[in-house]
2 protein chains.
Amino acid sequence: MNMPTSWGPTLQSLQQSLLAMPPVAALQVHILGWQDGRLQLGAPLAANVNDKGCAFGGSLSALMTLAAWGVVTLTLAEAGHTADVFVADMQVRYLAPVFEDLQAQAGFEEPAAATALVEALRQRGRASARLQAQVALQDGTLAATFTGRFVAIAQGGAQSG
Amino acid sequence: MNMPTSWGPTLQSLQQSLLAMPPVAALQVHILGWQDGRLQLGAPLAANVNDKGCAFGGSLSALMTLAAWGVVTLTLAEAGHTADVFVADMQVRYLAPVFEDLQAQAGFEEPAAATALVEALRQRGRASARLQAQVALQDGTLAATFTGRFVAIAQGGAQSG
């Protein structure tokens, strides 16, 4: 895995976390970008194709879940926190079949949620936030949308930053 | 892959469809049982483990999606139909971490939906139904729940049965 040298340690750590999970490595999930609080992940169609020649619905939801999970993880890491981040619930709508490599993008549902999440984790060792994500085709067509709630729990109660 | 000799051709065909999808083969999904309109699927924890040593949320939702998709596919196959079956939307709640091999079970949300699905596909070449699924731990604890809508489209407009 060649990671861009421009990536900071938190982004390199996230890519390593993704590769360390067997089901995520199998789907060949990789980071495409992280900017302005939005994380973009990609995965090749060949590793995620279904019986109809398009992307497996389970792969699309997994990719969006991971993108949203990554936003929470990166936001906390950049604020100096190490936390276990769990998905609590999610809603997915499938709008169009995907016959190309998969690209998902995620961010907080409310812009102020990132600051609130960091503050809550610092104060209580536990925090939650709602994220949204989507898969769009190369021509801009929305193929799938995701909303979900994530819970972060400070590791071992130790909180730095 | 050794399949039980008691399995009929539709169940064997479903297992082959699962293995033919790279992301599903990677998660090592296999059929555990099909009885009274309910399909049970399993997958080993090792192939589906996350960074916290428990089952990846994306694997749990994929397994429940596949179990529900399988119920629609098997119901139509047993009625003599060949159809493409797509997931249209889904809602998942994660209730407890899974530190053991994964087991999901799915069925129609309403018992009468199976008959209505077959009849609608026969008449219009297209049909939809709501399914529910769940992942339970070996001690009976509910670990995740799923509801979702699936759409079936008769292949090539040809309808037998």
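Scroll up to find the structure this text is about.
None of these values were measured; they are calculated from a predicted model.

What counts, and where the lines are drawn
- Residues numbered from 1 in each chain as written.
- Chains lettered and ligands numbered in written order.
- Predicted model: local features only at pLDDT ≥ 70, side-chain atom pairs only at ≥ 80, totals over all residues.
- Heavy atoms only, no water.
- Helix = DSSP H or I, 4+ residues; strand = E, 2+ residues; numbered from the N terminus.
- Rg over C-alpha atoms; globule rule 2.2 N^0.38 Å.
- Buried < 20%, exposed > 50% of the residue type's maximum accessible area, 1.4 Å probe, protein only.
- Contact = heavy atoms within 4.5 Å.
- Areas by Shrake-Rupley, 256 points an atom, 1.4 Å probe, with all protein chains shown as cover.
- Lys, Arg positive; Asp, Glu negative; His and termini not counted.
- Charge placed at Lys NZ, Arg CZ, Asp CG, Glu CD.
- Polar contact = N/O pair within 3.5 Å; in protein donor to acceptor, adjacent residues only side chain to side chain.
- Buried area = accessible area lost by both parts, 1.4 Å probe.
- Salt bridge = Lys/Arg side-chain N within 4 Å of Asp/Glu carboxyl O.
- Nonpolar A, V, L, I, M, F, W, Y, C, P; charged D, E, K, R; others polar.
- Pairing = 2+ DSSP bridges.

A. Broad picture of the overall build of chain A. Looking only at helices and strands, one finds 4 helices and 6 strands in chain A. Mapped from its N terminus to its C terminus, chain A presents α and β elements in the order α-α-β-β-α-β-β-α-β-β. In terms of C-alpha radius of gyration, chain A reaches 16 Å, essentially the compact-globule figure of 15 Å for 161 residues. Per-residue burial over chain A gives 51% buried out of 161 residues. The contacts of chain A with a sequence gap of at least 6 include a subset with a gap of at least 24, amounting to 67%. Roughly 6,900 Å² of accessible area belongs to chain A as shown, and the carbon and sulfur atoms make up 50% of that amount. If you average the places of the 8 positive and of the 11 negative side-chain charges in chain A, the two averages end up 9 Å apart.

B. Broad picture of the side chain of Gln15(A). Counting through the fold element by element, Gln15(A) comes out in helix α1 (residues 9–20). Polar contacts involving the side chain of Gln15(A) include one to the main-chain amide nitrogen of Ile31(A), which spans 3.0 Å.

C. Geometry of the interface of chain A and chain B. Contacts between chain A and chain B engage 32 residues on the former and 32 residues on the latter. Summed over the three residues of chain A that lose the most area to chain B, namely Lys52(A), Phe56(A) and Met90(A), the buried surface amounts to 23% of that side. Linking chain A with chain B are 0 salt bridges, by the criterion used here. At the surface where chain A touches chain B, the tally comes to 6 residue pairs in polar contact (both at pLDDT 80 or more). Breaking the side of chain A that touches chain B down by element, the ones donating at least two residues are α2 (22–26), α3 (57–78) and β3 (83–94) of chain A. With 11 residues, β3(A) is the largest single contributor of residues to the side of chain A that touches chain B. Of the residues belonging to the side of chain A that touches chain B, the class tally is 20 nonpolar, 7 polar and 5 charged. In this structure, β3(A) lies alongside strand β3 (residues 83–94) of chain B, joined through 5 bridges in antiparallel fashion.

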